[in-house]
Amino acid sequence: VGGLYNDWAVKTSAYTMVSGDQIIVNASGATTITLPASSAAGATVTIKATGGGLVTIGRNSQKINSTAADGSLPSGNSTQLVFVDATIGFLEL
């Protein structure tokens, strides 16, 4: 019962992730996927962009790769992010 990852989910509109989410964003237009507001070290999320639209990764008060800025993921690309600490935030693998 339970595990590190949630089942894959397909999203076509804005969504706020929880730890362990694996999301396929199948949207033709721009879509924002927001990271969890708080996470423990080792928490992970995975995002795959498809459908042609640009995916904005909303940082939700967390840093991404040590930077206090949202990320972007062009269609056809994917990323896995792991929360490290408050200084690094979510680290892209």
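See the structure printed just above.
Residues numbered from 1 in each chain as written. Predicted model: local features only at pLDDT ≥ 70, side-chain atom pairs only at ≥ 80, totals over all residues. Heavy atoms only, no water.

### Concerning the packing of aromatic side chains
Note on aromatic pairs: each is described by the distance of the centres and the angle between the planes.
Consideration 1: This model, assessed by the stated rule, comprises one aromatic pair.
Consideration 2: Taken together, a centroid distance of 5.3 Å and an interplanar angle of 70° make the contact between phenylalanine 83 and phenylalanine 90 edge-to-face.
Consideration 3: Note on phenylalanine 83: relative accessible area 8%, which makes it buried.
Consideration 4: For phenylalanine 90, a relative accessible area of 0% puts it in the buried group. (Phe/Tyr/Trp six-rings, centres within 6.5 Å; stacked < 30°, edge-to-face > 60°. Buried < 20%, exposed > 50% of the residue type's maximum accessible area, 1.4 Å probe, protein only.)

### A word on the sheet that holds strand β2 (residues 15-16)
Consideration 1: Taking strand neighbours across the sheet as the criterion, the four strands line up as β2-β4-β6-β7 in an open arrangement whose pairing is mixed. The open sheet has two edge strands, β2 and β7 (71-73), and neither has a second partner.
Consideration 2: The pairing of strand β6 (residues 55-58) with β7 spans three bridges and is antiparallel. Residue pairing in the sheet places threonine 56 in a bridge with serine 72 of β7. (Pairing = 2+ DSSP bridges. Helix = DSSP H or I, 4+ residues; strand = E, 2+ residues; numbered from the N terminus.)

### A short note on the sheet that holds strand β1 (residues 8-11)
Consideration 1: Across the sheet, five strands lie side by side as β1-β3-β5-β8-β9; this open sheet has mixed pairing. Of all the strands in the sheet, just β1 and β9 (89-92) have a single pairing partner and so form its edges. Strand after strand, the sheet turns through a mean of 25° between neighbouring axes, direction not considered.
Consideration 2: Bridging between β1 and strand β3 (residues 22-26) involves four bridges; their strand directions are parallel. (Axes fitted to C-alpha atoms, helices over the stretch in contact; angles between N-to-C directions.)

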